Amino acid sequence: MSGTSSSAATRISSFVLLVIFITLALSLTALILAINALRTPDQETVAGYFLLIGFLGAALSTYVLLQTRKRMKRLSIKTPSITTIIECKKCGFRNVREFQRGDYIFKEVELCQKCNQNMLITAIYKEVKEKMKRTRF
Amino acid sequence: MKELVAMLLLQGNRIAQFPGGETFSWILNLLFYVIFIVFMFYGQRIQMYVMLREVEGSLYKLKYIKDEGRKTAIETIKEIGKPQTDPASRVDRFLEYFTIGPQSLDPAGIVWKLEHILDVRDVRFKDEVKAMSPAADNTQTNNLENTLEAAMALNYIYKVIRHFYLLGKKTLSLYVIMQLQMILPLIMREAEAYASALKAFAYGQPIGDGVGALVAAKLMHGQPTRKIAKDCVAATVPMEGRTVHVVKAEGPGGNVGKTGDGVKTLIEENEGKIATVIMVDAALKLEGEEVGSVSEGVGAAIGGPGVDQFKIEESILKYRIPINAVIIKEDIGDAVSPMRKEIFDAVDNVIERIRQVILEKTKEGDKIIIAGVGNTIGIGQ
């Protein structure tokens, strides 16, 4: 019952991915060139520019990649897990299981394992763990 | 101030002293002026494009949710209804259905006109669903109808937002785009609520809105029920030495029933000799309030287009019957998505409140009506 669904809208465009990875590769090349330039005398200025370009490119492509992943995450409908509680009115035996299609509150279901009486669905609900946000009000 | 200027000059000199620094500072200066000029002339336009991009992102999500809604509806129809042909084209036609409200220039009698139009709509929807899913029983037909209605709502939200987005882009009107961008978080919340409602309706799970019906079901469980109005059942329950008539929509299929007609019939059957009417319903909470908190008040606690509220108010006014209300608070997302544990746990609290109202406001031997309002999907009786 629980899970996420996906469609064409959740896929990252291959063109965007290509651009991101090319930028990342070029940035890494710039960083390597910067290290080489640092080792060569009188090339400090060039090394500085390469470092700047390399770091900026790497940061930018990583940011875009993370943002695209975040968008993908947002584009999914979460199906919560639903609990069904079945009780025996005679002996009080309780059975907790995942919701099944056709379940409804006050439906008589399988026989009780203890007293062989019909059991009743007494509750169907989902549990939500809310993030505690501290507010002054 | 002098120290600050000196520090800035020193920083400038340091850049200039950096190898190639003079060129660098020139580039920085130029960049600063270019940005300044661009923002001076095109600032508003840039802001507009940023807003349009934000709306575009939400529109992508809305499109995804809408497509998922259509997919879920088609899959559920295929699974439950076992149609002979592919229901996709019929579902697409259904998603475009509209209802025109009655003319209100002369408001006298508008409630009856509205009721008639809603009845026609309901019959039309049910016929359409039955034609799409011949193998579905009544409960499943009601659930499928609810699923399709949720998909329809998502389709409508997407189309309206797309309309204003394209209109804003076409006219480049800042005010159209700005209004859209400002209202979007609330619309997205509603769309997400409908998205979670889709699965609940498709599987027949109880939703938060059904808490009123659940209270009534708990009160009437084990007692013989009778049909009192369209999609509405009633049972007579003894409570604290009083006779309590409990009304709710007929479950477990997804419907809200004609609670207004149910209450009216019970009042007429008892010739107006009702000590009090107690209505139980889910209500929208304000931010900061707890989900599942219970409040008491007076008045007809019933939502919808207003027909049922009107009928109940007319009936109680005719016999001067006091009306009390108990509400369970939840937000829009909780109301249409599977019932949360907090809301389910509030039911016993509500029954205790009802008991208190009965003890305080009525005498032994009195007759009372309790109406559990809400969509009874996944709740029997």
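Broken down by element type, chain A carries two helices and six strands. If you list the helices and strands of chain A from N to C, you get β-α-α-β-β-β-β-β. Residue burial in chain A is summarised as follows: out of 137 residues, 28% are buried. Carbon and sulfur atoms make up 59% of the accessible area of chain A, which totals about 9800 Å².

The full count for this structure, using the stated rule, is seven aromatic pairs over all chains. When the ring of Phe94(B) is compared with that of Tyr97(B), the centres are 5.5 Å apart and the planes differ by 40 degrees; the resulting orientation is tilted. Judged by its relative accessible area of 0%, Phe94(B) is buried. Ring plane angle 20 degrees and centroid distance 5.9 Å describe the contact between Tyr97(B) and Phe125(B), whose orientation is recorded as stacked. Pair noted here: Tyr97(B) is in the loop between α3 (88–95) and α4 (110–132) and Phe125(B) is in helix α4, with a separation of 28 residues, a long-range link. Relative accessible area serves as the criterion here: at 18%, Tyr97(B) is assigned to the buried category. You can call Phe125(B) buried: its relative accessible area is 2%. Grouping aromatic residues by their ring pairs yields a cluster made of Phe32(B), Tyr33(B) and Phe36(B). In this structure, Lys341(B) packs its charged tip against the face of Tyr125(A), placed 5.5 Å from the ring centre.

All names here are of chain A. With antiparallel pairing, the four strands of this open sheet are ordered in space as β4-β3-β6-β5. Each edge of the open sheet is held by one strand with a lone partner, namely β4 (94–98) and β5 (108–111). Pairs of neighbouring strands in the sheet enclose a mean axial angle of 35 degrees, with direction left out of account.

So, on to the packing of α4(B) against helix α5 (residues 138–171) of chain B. Think of two packed helices as two axes; the pair is described by the angle between the axes and how far apart they sit. Residue and element names in this part refer to chain B. Closest axis-to-axis distance for the α4/α5 pair is 9 Å, and the angle between their directions is 110 degrees. It follows that α4 is roughly perpendicular to α5 by the angle criterion. Contacts from Arg-121, Asp-122, Phe-125, Lys-126, Val-129, Lys-130 and Met-132 in α4 reach Asn-138, Thr-141, Asn-142, Leu-144, Glu-145, Leu-148, Glu-149 and Met-152 in α5.

Below, the discussion takes up the side chain of Glu145(B). All names here are of chain B. The topology assignment puts Glu-145 in helix α5. A distance of 3.3 Å separates the side chain of Glu-145 from the side chain of Lys-126, its partner in a polar contact. Setting aside its immediate chain neighbours within four residues, Glu-145 contacts Asp-122, Phe-125, Lys-126 and Val-129.

A few words now on the packing of helix α7 (residues 211–220) of chain B against helix α11 (residues 341–361) of chain B. Residue and element names in this part refer to chain B. Running from amino to carboxyl end, α7 crosses α11 at an angle of 60 degrees, the nearest separation of the two axes being 10 Å. In terms of orientation, α7 and α11 fall into the oblique class. The interaxial crossing formed by α7 with α11 has right-handed handedness. In contact with Val-211, Leu-214, Val-215, Lys-218 and Leu-219 of α7, α11 contributes Ile-343, Phe-344, Val-347, Asp-348, Val-350, Ile-351 and Ile-354. Tallied by class, the residues present in the contact of α7 with α11 amount to 10 nonpolar, no polar and two charged.

A few words on the nonpolar core. All names here are of chain B. Residues Ile-354 and Ile-370 are the most contacted members of the largest nonpolar core, which totals 49 residues. For this core, the element with the highest residue contribution is α11, accounting for nine residues. Beyond its immediate sequence surroundings of up to four residues, Ile-354 is in contact with Val-215, Leu-219, Ile-278, Val-280, Val-326 and Ile-370. Among the nonpolar cores identified, the runner-up in size contains 48 residues, and Val-55, Ile-65, Ala-136 and Ala-195 belong to it.

Residue and element names in this part refer to chain B. Taking 1.5 Å per residue, 13 residues should reach 18 Å; helix α9 (residues 307–319) reaches 19 Å between its end C-alpha atoms and fits that length. Residues Val-307, Asp-308, Lys-311, Ile-312, Ser-315 and Ile-316 constitute the buried set of α9. End-on view of α9: buried residues confined to an arc of 160 degrees, all on one side of the axis. Along its buried surface, α9 packs onto α4, α8 (259–269), β4 (276–284) and β6 (323–330). Positive phi appears at Arg-320, one or two residues downstream of α9, with a value of about 55 degrees.

Right, let's talk about the side chain of Lys66(B) for a bit. All names here are of chain B. Mapped onto the elements of the fold, Lys-66 is located in helix α2 (residues 21–81). The buried category is assigned to Lys-66, whose relative accessible area is 18%. Leaving out residues up to four positions away in the same chain, Lys-66 has contacts with Leu-154, Asn-155 and Tyr-158.

This part covers the pairing of β5(A). Judged from the three bridges that link them, β5(A) and strand β6 (residues 118–126) of chain A form a sheet pairing that is antiparallel. Each bridged residue has a counterpart across the sheet, and for Glu108(A) the counterpart in β6(A) is Leu120(A).

All right, on to the pattern of salt bridges then. Residues and elements named next belong to chain B. What the rule picks out here adds up to 35 salt bridges over all chains. Between Lys-218 and Asp-348 there is a salt bridge; the shortest N-O distance is 3.3 Å. Taken together, the residues span a long stretch of sequence, with Lys-218 in helix α7 and Asp-348 in helix α11 at a distance of 130 residues. The residue Lys-341 makes a salt bridge to Asp-345 at a minimum N-O spacing of 3.1 Å. Taken together, the residues span about one helical turn, with Lys-341 and Asp-345 both in helix α11 at a distance of four residues.

Calculation rules
- Residues numbered from 1 in each chain as written.
- Chains lettered and ligands numbered in written order.
- Predicted model: local features only at pLDDT ≥ 70, side-chain atom pairs only at ≥ 80, totals over all residues.
- Heavy atoms only, no water.
- Helix = DSSP H or I, 4+ residues; strand = E, 2+ residues; numbered from the N terminus.
- Buried < 20%, exposed > 50% of the residue type's maximum accessible area, 1.4 Å probe, protein only.
- Areas by Shrake-Rupley, 256 points an atom, 1.4 Å probe, with all protein chains shown as cover.
- Phe/Tyr/Trp six-rings, centres within 6.5 Å; stacked < 30°, edge-to-face > 60°.
- Lys NZ or Arg CZ within 6 Å of the ring centre and 35° of its normal.
- Pairing = 2+ DSSP bridges.
- Axes fitted to C-alpha atoms, helices over the stretch in contact; angles between N-to-C directions.
- Parallel < 35°, antiparallel > 145°, perpendicular 65-115°, else oblique.
- Contact = heavy atoms within 4.5 Å.
- Polar contact = N/O pair within 3.5 Å; in protein donor to acceptor, adjacent residues only side chain to side chain.
- Left-handed = near helix turned anticlockwise from the far one by under 90°.
- Nonpolar A, V, L, I, M, F, W, Y, C, P; charged D, E, K, R; others polar.
- Core = buried A, V, L, I, M, F, W, Y, C linked by side-chain atoms within 4.5 Å.
- Expected span 1.5 Å × (residues − 1).
- Arc of directions from axis to C-beta.
- Salt bridge = Lys/Arg side-chain N within 4 Å of Asp/Glu carboxyl O.

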